[in-house]
Amino acid sequence: MQKIEITSDFHTHTRYSHGKGSVLDNAMQAQKLGFDCIAITDHGVNHPLVGVSRTRFDEIRADIANVQSSIDDCKILFGIEGNVIGEDGEIDLTDEDVARLDIVLAGFHLTAKPAKFRYYGSLVFNGLTHYIAPASSRQIATNTRAYVNAVKKHPIDVLTHLGFRLDVDYKEVAKACADYGTFIELSSRHKTPSDKVIEDILSTGATFIVNSDAHKVENIGKWEYAMSLIDKFDIPEARIANCNHKIPQFRSRYQR
Ligand SMILES: [Zn+2]
Ligand SMILES: [Zn+2]
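Reading the values: rules and limits
- Residues numbered from 1 in each chain as written.
- Chains lettered and ligands numbered in written order.
- Predicted model: local features only at pLDDT ≥ 70, side-chain atom pairs only at ≥ 80, totals over all residues.
- Heavy atoms only, no water.
- Donors = N, O, S within 2.8 Å, 3.2 Å for Na, K, Ca; no water.
- Tetrahedral: all angles 85-135°; square planar, octahedral: opposite > 155°, others 65-115°.
- Helix = DSSP H or I, 4+ residues; strand = E, 2+ residues; numbered from the N terminus.
- Pairing = 2+ DSSP bridges.
- Contact = heavy atoms within 4.5 Å.
- Axes fitted to C-alpha atoms, helices over the stretch in contact; angles between N-to-C directions.
- Buried < 20%, exposed > 50% of the residue type's maximum accessible area, 1.4 Å probe, protein only.
- Arc of directions from axis to C-beta.
- Expected span 1.5 Å × (residues − 1).
- Phe/Tyr/Trp six-rings, centres within 6.5 Å; stacked < 30°, edge-to-face > 60°.
- Polar contact = N/O pair within 3.5 Å; in protein donor to acceptor, adjacent residues only side chain to side chain.
- Salt bridge = Lys/Arg side-chain N within 4 Å of Asp/Glu carboxyl O.

What follows covers the coordination of the zinc ion (ligand 2). Protein-derived coordination of the zinc ion (ligand 2) comes from His 11 (NE2), His 13 (NE2), Glu 81 (OE) and Asp 213 (OD), at a distance range of 2.1 to 2.3 Å. Every donor counted, the 4 donor atoms about the zinc ion (ligand 2) form angles of 81 to 171° at the centre, which fits irregular coordination. Read from N- to C-terminus, the donor residues coordinating the zinc ion (ligand 2) fall into the pattern H-x1-H-x67-E-x131-D. The metal-metal distance between the zinc ion (ligand 2) and the zinc ion (ligand 1) is 4.8 Å.

Below is the structure:
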């Protein structure tokens, strides 16, 4: 049997949005767990109340640099978990924002302000009805268009919690991810993607990444759900970007 050990966590929150810990807390926990790398990825600006304004990017960058100066065996990356906010693939990060980040994550959050008012009637509505009724084929087409366009138009490194609140055509989204070099997160926090769609994703060339999405320090490195999927579907090492001390090639960095 293959041995899969996850050796970096590329999705953690701090008090810069609504996480509980500081950059130092998260980094020290990652170091304690023996990780090669940890990413500080607070919520994007359209996330209500807690989204990080771009005017704070320099402050976070300086905080990370300061913490990094006392931790030399675990690399700390500065990222943002952007919001998917439109059917045409709009996200709440500009090209200039992306150029200031080490890693770019993006996902759909129901309460994030959409790019256009009319998306309240499509994307936001689809998110609202997610747990009430199965998505219609029209809803799935809209959601899929949003994700595929986001991956095409922006150098997104990781799609976070895919399938949380919005159902998509997983094969279509995964194909776009494979084509553009975006990793699909195995999220233990949100238990996504569901075990019903893993085979659809595996049938494409897409690669997964295992992240905690920790909002509390003690949840960093917790990925039981992801490990159970890896086990159940025998997901090979080559399809997991951050296992066994591999350092993923991130497209947002690669482009610079
Ligand atoms: Zn959050
Ligand atoms: Zn998150």
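In this chain, Thr 192 is followed by Pro 193 through a cis amide linkage whose omega measures -15°. Of note, Asp 234 is a non-glycine position whose phi angle comes to about 50°, a positive value. For Asp 234, the location among the structural elements is in the loop between helix H8 (224–232) and helix H9 (251–254).

So, about the coordination of the zinc ion (ligand 1). Protein coordination of the zinc ion (ligand 1) is provided by His 18 (NE2), His 43 (NE2) and His 215 (NE2), with donor distances spanning 2.0 to 2.1 Å. Written as a sequence motif, the donor arrangement for the zinc ion (ligand 1) is H-x24-H-x171-H.

Moving on, we get to the sheet that holds strand E5 (residues 158–159). Ordered by their spatial adjacency, 7 strands build an open sheet running E1-E2-E3-E4-E5-E6-E7, and the pairing between neighbours is parallel. For this open sheet the edge positions go to strand E1 (8–12) and strand E7 (208–211), each flanked by a neighbour on one side alone. Bridge count between strand E3 (residues 75–83) and strand E4 (residues 103–107): 5 bridges; the pairing is parallel. Bridge pairing in E4 links Gly 82 to Ala 106. Docked against the sheet, helix H1 (residues 23–32) engages E1, strand E2 (37–43) and E3, running at close to 145° with respect to E2.

This brings us to the side chain of Ser 22. Secondary-structure assignment places Ser 22 in the loop between E1 and H1. With residues up to four places along the chain from it excluded, the contact list for Ser 22 reads Thr 14 and Arg 15.

Here the focus is H8. Residues of H8 that are buried: Tyr 225, Ala 226, Leu 229 and Ile 230. In a view along the axis of H8, the buried residues occupy a sector of 140°, so they form one face of it. For H8, the exposed residues lying more than 90 degrees away from the buried face are Glu 224, Asp 231 and Lys 232. Along its buried surface, H8 packs onto strand E6 (183–187), helix H7 (198–202) and E7. Looking at the residues trailing H8, positive phi occurs at Asp 234, about 50°.

A rise of 1.5 Å per residue sets the reference length of helix H5 (residues 137–153), with its 17 residues, at 24 Å; its end C-alpha atoms lie 24 Å apart and thus fit the reference within 8%. Buried residues of H5: Gln 139, Thr 142, Asn 143, Thr 144, Ala 146, Tyr 147, Val 148, Asn 149, Ala 150 and Val 151, and no others.

Using the criterion set out here, one finds 5 aromatic pairs in the structure. When the ring of Phe 183 is compared with that of Phe 250, the centres are 6.1 Å apart and the planes differ by 75°; the resulting orientation is edge-to-face. With Phe 183 in strand E6 and Phe 250 in the loop between H8 and H9, the pair connects residues that are 67 residues apart, well separated along the chain. Exposure class is identical for Phe 183 and Phe 250. Each is buried. An aromatic cluster is built from Phe 10, Phe 183 and Phe 250, whose rings are joined through pairwise contacts.

Examined against the element boundaries, Gln 31 turns out to sit in helix H1. Each C-alpha atom, one on Gln 31 and one on Pro 236, is 26 Å from the other, the two residues being 205 residues apart in sequence. Once residues within four sequence positions are removed from consideration, Gln 31 is found in contact with Ile 71, Asp 73 and Cys 74. At 2.8 Å, the side chain of Gln 31 and the side chain of Asp 73 are in polar contact.

What follows is about the pattern of salt bridges. Summed over all chains, the structure comprises 10 salt bridges. Put simply, Asp 97 and Arg 54 hold a salt bridge, and the shortest N to O gap is 2.8 Å. Here the residue Asp 97 occupies a position in helix H3 (residues 95–99), and Arg 54 occupies one in the loop between E2 and helix H2 (57–68), the gap between them amounting to 43 residues. Overall, Asp 97 belongs to the buried group, its relative accessible area being 2%. Given the relative accessible area of 35%, Arg 54 is considered partly exposed. Ionic pairing is found between Arg 61 and Asp 102, a salt bridge with its closest N-O pair at 3.0 Å.

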